[in-house]
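Structural overview
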Amino acid sequence: MIKVAVAGVGGMGMIHFNIYNGMEEAELIAACDIRIDMLKEKVDDKNINIYADFDEMLKNEKPDLVDISTPTYLHMDFAIKALESGCHVICEKPMALTGEQTDKILAAAKKSNKFFMVAHVVCFMNDYIYLKNAVDSGELGKLIRLDMKRISSIPKW
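So, a few notes on the structure that sits alongside this text.

Definitions and limits used
Residues numbered from 1 in each chain as written. Predicted model: local features only at pLDDT ≥ 70, side-chain atom pairs only at ≥ 80, totals over all residues. Heavy atoms only, no water. Helix = DSSP H or I, 4+ residues; strand = E, 2+ residues; numbered from the N terminus. Buried < 20%, exposed > 50% of the residue type's maximum accessible area, 1.4 Å probe, protein only. Lys, Arg positive; Asp, Glu negative; His and termini not counted. Salt bridge = Lys/Arg side-chain N within 4 Å of Asp/Glu carboxyl O. Polar contact = N/O pair within 3.5 Å; in protein donor to acceptor, adjacent residues only side chain to side chain. Contact = heavy atoms within 4.5 Å. Phe/Tyr/Trp six-rings, centres within 6.5 Å; stacked < 30°, edge-to-face > 60°. Pairing = 2+ DSSP bridges. Axes fitted to C-alpha atoms, helices over the stretch in contact; angles between N-to-C directions.

**Quick word on the side chain of Asp67**
With respect to the secondary-structure elements, Asp67 resides in strand S4 (residues 65–68). Look at Asp67: it is buried, it has no salt bridge, and the nearest opposite charge is Lys93 at 11 Å. At 3.2 Å, the side chain of Asp67 and the side chain of Ser69 are in polar contact. Leaving out residues up to four positions away in the same chain, Asp67 has contacts with Ala5, Val6, Ala7, His16, Tyr20 and Ile90.

**Topic: unusual backbone geometry**
Glycine aside, the phi torsion of most residues is negative, and most peptide linkages are trans. In this model, Lys93 is joined to Pro94 through a cis peptide bond whose omega is -10 degrees. Take Pro94: it is sitting in the loop between strand S5 (88–91) and helix H5 (99–112). Positive phi, close to 60 degrees, is recorded for Asn113, a residue that is not glycine. Here Asn113 is to be found in the loop between H5 and strand S6 (116–118).

**Observations concerning the packing of aromatic side chains**
Evaluation of the coordinates by the stated rule reveals one aromatic pair. Taking 3.9 Å as the distance between ring centres and 5 degrees as the angle between the ring planes, the aromatic pair formed by Phe54 and Phe78 counts as stacked. Of this pair, Phe54 sits in helix H3 (residues 54–60) while Phe78 sits in helix H4 (residues 75–84), and the two are 24 residues apart along the sequence. In this structure Phe54 comes out as buried when scored by relative accessible area, which is 4%. The buried category is assigned to Phe78, whose relative accessible area is 13%.

**Some thoughts on the sheet that holds S5**
Reading across from one edge, S3-S2-S1-S4-S5-S6 is the order of the six strands in this open sheet, with parallel pairing throughout. Of all strands in the sheet, those bounded by a partner on one side alone are strand S3 (49–51) and S6. Neighbour-to-neighbour, the strand axes of the sheet open up by a mean angle of 20 degrees, direction not taken into account. The sheet contact formed by S4 and S5 spans four bridges and is parallel. By the bridge assignment for S5, Asp67 is matched with Ile90. Sheet strands touched by helix H1 (residues 11–21): strand S1 (2–7), strand S2 (26–32), S4 and S5. Its angle to S2, the strand with the most contacts, is close to 150 degrees.

**Overview of the side chain of Thr102**
For Thr102, the position within the fold is in helix H5. You can call Thr102 buried: its relative accessible area is 18%. If sequence neighbours within four positions are ignored, Thr102 has contacts with Met95 and Ala96.

And the structure:
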């Protein structure tokens, strides 16, 4: 059983929150959002600890994994703090605001010997897996050019 803490429970963060809630392999132990009243409403029937302060959550909880779905400008600081506290990290995209910030996150992950993953899920979707395998195997010939466009609706939140 992996213990999970979620930072940020807005639109995408709430999707992550609900997925962990439905996983037998995960125990959602804590959630953090600066909008504490909104957080209380969203998790009122769940038996988890809630925080308005990320540092306080890391100090009081011992998650195996921290899922970061906060605004992008917080990703680097939160990811590095979580990694330095001994947690694996999943971070919503984009990973950070600059290449320099991404380098700092990756250096912290390497130093901590913990996993860091950007939550870019399309690479796990069947269509993309098929396409990657077809290109890698060469079964359709050598790829010369590929133009793609992913079309999706605007999130309702």
